[in-house]
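Descriptive analysis of the structure
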Amino acid sequence: DSPRTRRFWNEKNIYFNKDYWHYFEFDFIDDKKRRYNHLSHGEKVIFSQLLGIFFYINNNEALLFLFDEPEIALHPHWQKNYLNEVINLLQKIPKKYHFIFATHSPFLLSDLLKENIIFLKKDEDDNCQNVTIETNIDTFGANIHTLLSHGFFMKDGLMGEFAKGKIEDLINYLNDKKSNIKSNDEAKKLLNIIGEPVIKNQLQRMLDSKRLSKVDEID
């Protein structure tokens, strides 16, 4: 509490009280010489979260952290690394803390034991229900497709609805049902752009069979 220290804090208060803070420029530079503004939006998000965790843990003893969808704005690569980054940070700080995450990311689930997860689902009346017991998934290290299908209740498929509708229309055409597709050539064009090989091969066989049937009718 020397005169010099008191003068410093008095000057600091003057700067902030007089709104002089905008004359100062602050930046973060890592060991690779990257500056904060060089980071992508997702990298800034995870950096800010980790910095916030570090700050609160350093200034408090026992803490409960609540995160609502921390994966928002994160590239899948960063979602995959998210909990690993958090755990690496926590291992450097020997204090008590507890985390609760509300998430829609299968990557976060695959880093957690099922005993630490509560599955929630809305019923027909839009009420939230705990369906953890009936879900019964071994989440740790699980395939993200399995987690999406069962953990996030996407049992009607993992394909975009627009593409799914187009493929269903193609199936209707190949089965001689009502369809917006009017010819084999039109069906072939759609078939050629389908990326899932199992579906594509099966539909190709159906199209070949339809063409052969047409040839037999002409004969």
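Our structure's up above, just so we're on the same page.
This write-up is about the structure you can find in this document. Computed from a predicted structure; not experimentally measured.

**Concerning helix α7 (residues 161-174)**
Helix length check: α7, at 14 residues, gives a terminal C-alpha distance of 20 Å against a target of 20 Å (1.5 Å per residue), a fit within 8%. Just past α7, the residue D176 takes up positive phi, approximately 60°.

**Re the packing of aromatic side chains**
Aromatic ring pairs are defined here through the distance separating the ring centres and the angle between the ring planes. Applying the stated criterion across every chain yields a total of eight aromatic pairs. A centroid spacing of 5.4 Å and a plane angle of 25° characterise the contact between F67 and F101, whose relative ring orientation is stacked. Taken as a pair, F67 in strand β1 (residues 63-68) and F101 in strand β2 (residues 97-102) lie far apart in primary sequence, 34 residues in all. According to the relative accessible area criterion, F67 is buried, its value standing at 15%. The rings of F65, F67, Y82, Y97, F99 and F101 are connected pair by pair, giving a single aromatic cluster. It is K210 that lies over the ring of Y173; its NZ or CZ is 4.8 Å from the centre.

**Things to note about the packing of helix α2 (residues 41-58) against helix α3 (residues 76-90)**
For the pair α2 and α3, the least separation of the axes is 11 Å and the interaxial angle reads 20°. The orientation of α2 with respect to α3, classified from their angle, is roughly parallel. As for how α2 packs across α3, the hand of that crossing is right-handed. Across the interface between the two elements, E43, I46, Q49, L50, I53, F54 and I57 from α2 touch W78, Y82, E85, V86, L89 and L90 from α3. Here the residues of the contact of α2 with α3 sort into ten nonpolar, one polar and two charged.

**Brief notes about helix α8 (residues 184-192)**
An α-helical segment advances 3.6 residues per turn. Residues three or four places apart therefore align on the same side. Along α8, the residues that are buried comprise N184, A187, L190 and L191. Taken end-on, α8 shows its buried residues confined to a sector of 125°, consistent with a single buried face. Among the exposed residues of α8, those pointing more than 90 degrees away from its buried face are D185 and K189.

**Details of the packing of α7 against α8**
Orientation of α7 relative to α8, taken along the N-to-C sense of each, is 145°, at an axis distance of 11 Å. For the pair α7 and α8, the sense of crossing is left-handed. Residues K166, L170 and Y173 of α7 pack against N184, A187, L190 and L191 of α8.

Here is what the cut-offs are and how they apply
- Residues numbered from 1 in each chain as written.
- Predicted model: local features only at pLDDT ≥ 70, side-chain atom pairs only at ≥ 80, totals over all residues.
- Heavy atoms only, no water.
- Helix = DSSP H or I, 4+ residues; strand = E, 2+ residues; numbered from the N terminus.
- Expected span 1.5 Å × (residues − 1).
- Phe/Tyr/Trp six-rings, centres within 6.5 Å; stacked < 30°, edge-to-face > 60°.
- Buried < 20%, exposed > 50% of the residue type's maximum accessible area, 1.4 Å probe, protein only.
- Lys NZ or Arg CZ within 6 Å of the ring centre and 35° of its normal.
- Axes fitted to C-alpha atoms, helices over the stretch in contact; angles between N-to-C directions.
- Parallel < 35°, antiparallel > 145°, perpendicular 65-115°, else oblique.
- Left-handed = near helix turned anticlockwise from the far one by under 90°.
- Contact = heavy atoms within 4.5 Å.
- Nonpolar A, V, L, I, M, F, W, Y, C, P; charged D, E, K, R; others polar.
- Arc of directions from axis to C-beta.

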